[in-house]
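# Notes for the structure review
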Amino acid sequence: MRSLLLERVAEVVEEGGPPAPLPNEIAEQVLQDAGLAGSRTNAKLPPRLVLRLVAGLSLLRSLSIPDVLARVAHAWGAPPSWHGVVPVSTSIAQARDRLGLGVVVRLFERFSVYLVDNWVLDRNRWRGFVTVALDGTTFNAPDSPANVAEFGRPGGRNGSGGFPQLRLLALVSTASHFVLGCVHGPCKGKGTGELTLARQVLSLLRQDWLLLMDRGFCSYAWLKELGERPFFVRKTQGRSAIKPKKVKVIQRRRDWWVDYVPKSLRGAPSPVRLRLVRIKLPKKRGNKQRWTEFLTNLSPEDHPYEVLQDLYLKRWEVEFTFRELKCDLQQKRRVLGARLPSASCKSSTACWLHTTRSGFAWPRPRNSRRSSPANSVSVGPSGSPSSPGTPN
């Protein structure tokens, strides 16, 4: 399994092109919009340094916070007031609180727009579309009263879970694993499901994006809300699932135009007209032949049945992205490193920045503890960051 994952990562790097760097202009513009660009420039921890520290904490999880700050200062220039000594942890915590969650969220939003406009290659498109997958996942947050009150604990057979959980919904490019949008929410409670969070990313979808979804998003209200936006979703099965009404045969026993509407709304003046596609799954030894049904609004003239058979496999790239985030960036740690709800959201949002395999430029780590960067900091100019170091 590990060899297959490594092969797929190599394919993504080859297909997606070179890693996308995070331009300094975006970070400076975000700070300027927040009114923090010219504030506390002579302080030990100016906002421009703290913003890059927050991003670095999500990438260098094996190091302490002062060590990460020392690496940031080595790459971007430490204020002269340090005098070669990294500030204490309490000062760092107060500086992170002053920065706030909104600045980190705006940095991610600006960077995602930059990725779409500059790093979506035409050769990675599927028949003219940028294929993006929509899915959700959860992260364990530290067991603190504030996190429990904000996010809640998941339920189970033996009571509630051991950690409060933060739910995230992400829009992921299947070609490059770039995260193009994300939303945070509690793990339980009214209005905290994935379909509710999905409505918050509806405005991010573009007309040349093909949205790939699992059957958890096969909802009449959600598909109707998507409107003319292209999508391809796995249809739900079972007694409670909606039974589409077949209108016209496109390909016998495999492809139809259907009216997708619940029984209670069969008399609605404008039902959702979709395309129902049945795809044959590979037969396992000793099992019967299996078929899976999908719903889409792609036209059969431009996208015939034969080209749709392997389309759903692209949706699984979002699972590889979640694995990169949870196992690689977090180094298999069980919880996020923040005891406050805003800090947990800030940490998870900063993690999405590094799914591009780049982020900011960091100096090469040192293996010896005696040569820890916290003990020696190169002091740069205080007004503007110095030249970044060479990336790993």
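It should be emphasised that the depicted structure is a prediction, and the values quoted were computed from it without experimental measurement.

### Considerations on the packing of aromatic side chains
For the coordinates displayed, the defined rule picks out 3 aromatic pairs. For the pair Phe111 and Tyr114, a centre-to-centre distance of 6.1 Å together with 20 degrees between the ring planes defines the contact as stacked. Of the two residues, Phe111 and Tyr114 are both situated in helix H6 (residues 101-118); the distance of 3 residues between them amounts to about one turn of the helix. Where Phe294 meets Tyr312, the ring centres are 5.0 Å apart and the plane angle is 50 degrees; that geometry is what we call tilted. With Phe294 in strand S11 (residues 291-296) and Tyr312 in the loop between S11 and helix H10 (317-329), this residue pair connects regions lying 18 residues apart in the sequence. The exposure class assigned to Phe294 is buried, which follows from its relative accessible area of 4%. Judged by its relative accessible area of 9%, Tyr312 falls in the buried class. Just above the ring of Trp291 sits the side chain of Arg278; from NZ or CZ to the centre is 4.6 Å. The aromatic ring of Trp316 is capped on one face by Arg315, whose charged end is 5.2 Å from the ring centroid.

### What about the sheet that holds strand S8 (residues 245-251)?
Working definition: the strands of a sheet are paired by backbone hydrogen bonds and lie parallel or antiparallel to each other. Spatial ordering of the open sheet is given by S5-S4-S1-S6-S7-S11-S10-S9-S8, a layout of 9 strands whose pairing is mixed. Single-partner strands in this sheet number two, and they are strand S5 (179-186) and S8. This sheet shows a mean twist of 25 degrees between the axes of neighbouring strands, independent of strand direction. The pairing of strand S6 (residues 209-213) with strand S7 (residues 231-234) spans 3 bridges and is parallel. Each residue of the ladder has a partner; that of Met213, found in S7, is Val233. Each of S5 and S6 touches H6; the most contacted strand, S5, lies at about 150 degrees to it.

### As for the pattern of salt bridges
One pass over the structure, following the stated rule, counts 11 salt bridges. Of the charged contacts, one joins Arg52 and Glu28 as a salt bridge, the two residues approaching to 3.4 Å between their closest N and O atoms. Of the two residues, Arg52 sits in helix H3 (residues 47-57) while Glu28 sits in helix H2 (residues 24-33), which places them 24 residues apart along the sequence. A relative accessible area of 28% means that Glu28 is categorised as partly exposed. Taking the shortest distance from any N to any O, the salt bridge between Glu293 and Arg278 comes out at 3.8 Å. Residue Glu293 is located in strand S11, and its partner Arg278 is located in strand S10 (residues 272-280); the two are separated by 15 residues in the primary sequence. Taking relative accessible area as the criterion, Glu293 reaches 18% and is therefore assigned buried. The network of salt bridges with common partners includes Asp135, Arg315 and Glu319.

### Details of the layout of surface pockets
In this model, the second largest pocket occupies a volume close to 390 Å³. Ile279, Lys280, Leu281, Pro282 and Leu313 are the residues nearest the centre of the second largest pocket, which is lined by 17 residues in total. Of all the secondary structure elements, the ones that give two or more residues to the lining of the second largest pocket are S10 and S11. Here the lining of the second largest pocket gets 3 residues from one element, more than from any other, and that element is S11.

Thresholds, definitions, all that
- Residues numbered from 1 in each chain as written.
- Predicted model: local features only at pLDDT ≥ 70, side-chain atom pairs only at ≥ 80, totals over all residues.
- Heavy atoms only, no water.
- Phe/Tyr/Trp six-rings, centres within 6.5 Å; stacked < 30°, edge-to-face > 60°.
- Helix = DSSP H or I, 4+ residues; strand = E, 2+ residues; numbered from the N terminus.
- Buried < 20%, exposed > 50% of the residue type's maximum accessible area, 1.4 Å probe, protein only.
- Lys NZ or Arg CZ within 6 Å of the ring centre and 35° of its normal.
- Pairing = 2+ DSSP bridges.
- Axes fitted to C-alpha atoms, helices over the stretch in contact; angles between N-to-C directions.
- Contact = heavy atoms within 4.5 Å.
- Salt bridge = Lys/Arg side-chain N within 4 Å of Asp/Glu carboxyl O.
- 1 Å grid on protein atoms, 1.4 Å probe; cavity = no way out; pocket = protein on both sides within 12 Å on 5 of 7 lines; lining within 4 Å.
- Points joined across faces, edges and corners; volume = space filled by probe spheres on them.

As far as function goes, none of this settles anything; it's purely spatial.
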